[in-house]
Amino acid sequence: MEGTNPVNKKLTAALSGGAVLVMALSGCSSDEGSEKLDAWAKQVCDAVQPQAKKIEAANIAIQKETSDNSSPEDVQKTDAKAFQDMSDAYKAIGAAVDKAGAPDAGDAKNSEKKQQDAVKELNSISASYASLKKQVDELDTKDQAKFADGLKDIAGELDKLSTSGSNALKELEEGEVGQAMAKQSSCKSASGAATAAS
């Protein structure tokens, strides 16, 4: 089983980078801000919190499978479920940001564009994890070398995913929007969950 371990470690490292995507949701605390904006931040943060926990749990499952020096079948099963959970979580966060509408901050047109860009980005991340799940499902667990090579490819995809995402999210959470989110206890705990996962 040793063949899969170094690759799986790479997979785990790449994955933990991905968890950080969901948590561009911190920032500095501030007492300023409008009631409407605070209500928007609460709606988004409350929706994000359970999804951040789901992403954290998926990361932990993969890390555990790695350290257990598991069989290819077990690795495949765990990774596939983790990627599916992550895909579902990002999709749910995208739906929550979409449903919340544009935050009541600054230029309304600009706010709406930032919000829509963030929704697109979240849906794109969700689709990427769904694609990785499909790739894991198709790996040949009977052939150790092929399986390890397949995991290596997936780790490469994850690496790209963890470095390319979250620009639109960061833009959405600039300035007063980020400050309003930082005040929400659900965003604080979601941020903590993702930091622990990475």
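See above for the structure.
These figures come from a predicted structure and were not determined experimentally. (Residues numbered from 1 in each chain as written. Predicted model: local features only at pLDDT ≥ 70, side-chain atom pairs only at ≥ 80, totals over all residues. Heavy atoms only, no water.)

(A) Representation of the overall build of the protein chain. What the protein chain contains, in helices and strands, is 8 helices and 0 strands. Reading the secondary structure of the protein chain in the N-to-C direction produces α-α-α-α-α-α-α-α. Counting across all 198 residues of the protein chain, residues that qualify as buried make up 48%. A sequence separation of at least 24 residues applies to 86% of the contacts in the protein chain between residues at least 6 apart. (Helix = DSSP H or I, 4+ residues; strand = E, 2+ residues; numbered from the N terminus. Buried < 20%, exposed > 50% of the residue type's maximum accessible area, 1.4 Å probe, protein only. Contact = heavy atoms within 4.5 Å.)

(B) Highlighting the state of the cysteines. Counted by the stated rule, this structure contains 1 disulfide. Residue C45 pairs covalently with C187 via a disulfide, S to S 1.9 Å. Between C45 and C187 the disulfide shows an S-S torsion of about -85 degrees. By sign, it is left-handed. In this pair, C45 sits in helix α2 (residues 35-67) while C187 sits in helix α8 (residues 185-197), placing the two residues 142 residues apart along the sequence. Take C45 and C187: they sit in the same class, and that class is buried. (Disulfide = S-S within 2.5 Å.)

(C) View of the nonpolar core. Formed by 39 residues in total, the largest nonpolar core has its most connected members in W40, F83, Y129 and M181. Examining the composition of this core, we find that 10 residues originate from one element, helix α3 (residues 72-100), more than from any other. (Core = buried A, V, L, I, M, F, W, Y, C linked by side-chain atoms within 4.5 Å.)

(D) Region of the structure containing the side chain of S126. Residue position: S126 is located in helix α4 (residues 108-137). Here S87 takes part through its backbone oxygen, which lies 2.8 Å from a polar atom of the side chain of S126. Among all residues touching S126, those that are not within four sequence positions of it are S87, Y90 and K91. (Polar contact = N/O pair within 3.5 Å; in protein donor to acceptor, adjacent residues only side chain to side chain.)

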